[in-house]
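# Breakdown of the fold
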Amino acid sequence: MTAVLIGYDVEACAIGEGLACLGAHSGHGMGEAVDRTATRRGLEIIRRNHEEFEAPATLFVCGRTLVHNIDVLEPFVDHPLFDIQQHTYSHVLLKDDGWKGGTFLASPPEAVWQELTQTSDAFRRILGVEIIGLRTPHGYANGIADRPDMLEVVSDCGIKFISSWGRNAQGGNPTPMSVQPYWYEDQGYPELLEIPFQGWLDGTWFEEYGIERGAEYATVLTATADEAAEMDGVYGACFHDWAQIRYRETETAWANTLLRHCRSAGIPLLSYNDYYRLRLAERSE
């Protein structure tokens, strides 16, 4: 099936590695992008865009972001267009990730279990939301297929779909469209669905090519959606709350352009949860 899945990693207040680098980035606008108002401002833009096109989306929210933005996230709980899932509590990694000559280290399984259960419990207690989906911070080549210990943790924490394959074979972007959703059957977890996120991440593209080039990034996004349609495949888009501010979505409309293009081209727009439910229904037929 052809579909573009829209997901936002809502992580301002939680990206510890980013906050640790604020001294290096503050002169380039990153301080404003990840300050305590970033989630509120970013979600205002996101909601406006999706209501304009009646486009569903998933918010993958860090637990730490939730507890700092309860009033901001409450209106999304019963919003007909938005689905809420999790992004760990404090943006910990499930696999090591090499980036620009350095390495972000994965947390041990016990820590990941704590992060996932703490986040799901917080959403249940504070907002009455039952979590079944997880976007892993950073994303990895091959998802977590090569980490049986993490697969066990994720499954034990009640996760039914995971979006963890977000890198190419070289460990970078863009992730090829040939990477398509699959069940972790070969690894012994046939009830867990991997929904990759492909193409260029917003932050990776902008930091590589220039943070003022939103119109060009919009062209990249629409071309990726067209590629998915041509191959009758699924394109999992991954954007961020703070990216709406840092990369000037209001002025350059890179995310808005993707939504507009999909609507005009007749490409279905789904949340990640929508897609999971469709795949689950197929299995029961």
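Note that this is a predicted model, so its numbers are computed, not measured. (Residues numbered from 1 in each chain as written. Predicted model: local features only at pLDDT ≥ 70, side-chain atom pairs only at ≥ 80, totals over all residues. Heavy atoms only, no water.)

In this section: the overall build of the chain. Helices and strands together make up the secondary structure of the chain, namely 14 helices and eleven strands. Whereas a compact globule of 285 residues would reach a radius of gyration of roughly 19 Å, the chain reaches 17 Å, a difference of no more than 12%. If you line up the chain on its principal axes, its C-alpha atoms span 45 × 45 × 40 Å. Put simply, the chain has 285 residues, and 55% of those count as buried. Considering only residue pairs separated by 6 or more positions, the chain has 78% of its internal contacts joining residues 24 or more positions apart. Roughly 11,700 Å² of accessible area belongs to the chain as shown, and the carbon and sulfur atoms make up 50% of that amount. For the chain, the centre of its 22 positive side-chain charges and the centre of its 42 negative side-chain charges are spaced 4 Å apart. (Helix = DSSP H or I, 4+ residues; strand = E, 2+ residues; numbered from the N terminus. Rg over C-alpha atoms; globule rule 2.2 N^0.38 Å. Buried < 20%, exposed > 50% of the residue type's maximum accessible area, 1.4 Å probe, protein only. Contact = heavy atoms within 4.5 Å. Areas by Shrake-Rupley, 256 points an atom, 1.4 Å probe, with all protein chains shown as cover. Lys, Arg positive; Asp, Glu negative; His and termini not counted. Charge placed at Lys NZ, Arg CZ, Asp CG, Glu CD.)

Turning to the packing of aromatic side chains, a few remarks are in order. Evaluated as defined, the whole model comprises 17 aromatic pairs. Arranged with centres 5.4 Å apart and planes meeting at 80°, the rings of Phe 239 and Trp 254 form a pair that is edge-to-face. With Phe 239 in strand E10 (residues 234-240) and Trp 254 in helix H13 (residues 254-265), this residue pair connects regions lying 15 residues apart in the sequence. For the residue pair Phe 239 and Trp 254, the accessibility class agrees, reading buried in each case. Connected via pairs of aromatic rings, a cluster forms that spans Tyr 8, Trp 200, Trp 205, Phe 206, Tyr 209, Tyr 217, Phe 239, Trp 242, Tyr 247 and Trp 254. In this structure, Arg 135 is placed above the aromatic ring of Phe 197, and the distance from its NZ or CZ to the ring centre is 4.7 Å. Arg 283 extends its terminal NZ or CZ atom over the ring of Trp 183, reaching a point 4.1 Å from the ring centre. (Phe/Tyr/Trp six-rings, centres within 6.5 Å; stacked < 30°, edge-to-face > 60°. Lys NZ or Arg CZ within 6 Å of the ring centre and 35° of its normal.)

Here we come to helix H4 (residues 38-53). Relative to the 22 Å expected for 16 residues at 1.5 Å per residue, H4 spans 23 Å between its end C-alpha atoms, a close match to the ideal helical length. Among the residues making up H4, those that are buried are Ala 38, Thr 39, Gly 42, Leu 43, Ile 45, Ile 46, Asn 49, His 50 and Phe 53. The buried residues of H4 occupy an angular sector of 160° when projected down its axis, which confines them to one face. At the C-terminal side of H4, Glu 54 shows a positive phi close to 50°. (Expected span 1.5 Å × (residues − 1). Arc of directions from axis to C-beta.)

As a further point, take the side chain of His 50. The residue His 50 is located in helix H4 in this model. If sequence neighbours within four positions are ignored, His 50 has contacts with Ile 6, Tyr 8, Ala 55, Pro 56, Ala 57, Leu 81, Phe 82 and Leu 259.

Quick look at H13 now. The α-helix winds at 3.6 residues per turn, so residues separated by three or four positions along the chain end up facing the same way. Over its twelve residues, H13 extends 17 Å from the first C-alpha to the last, a length consistent with the 16 Å expected when each residue adds 1.5 Å. Among the residues of H13, Trp 254, Ala 255, Asn 256, Leu 258, Leu 259 and Cys 262 are the ones counted as buried. Looking one or two residues beyond H13, the residue adopting positive phi is Gly 266, at roughly 75°.

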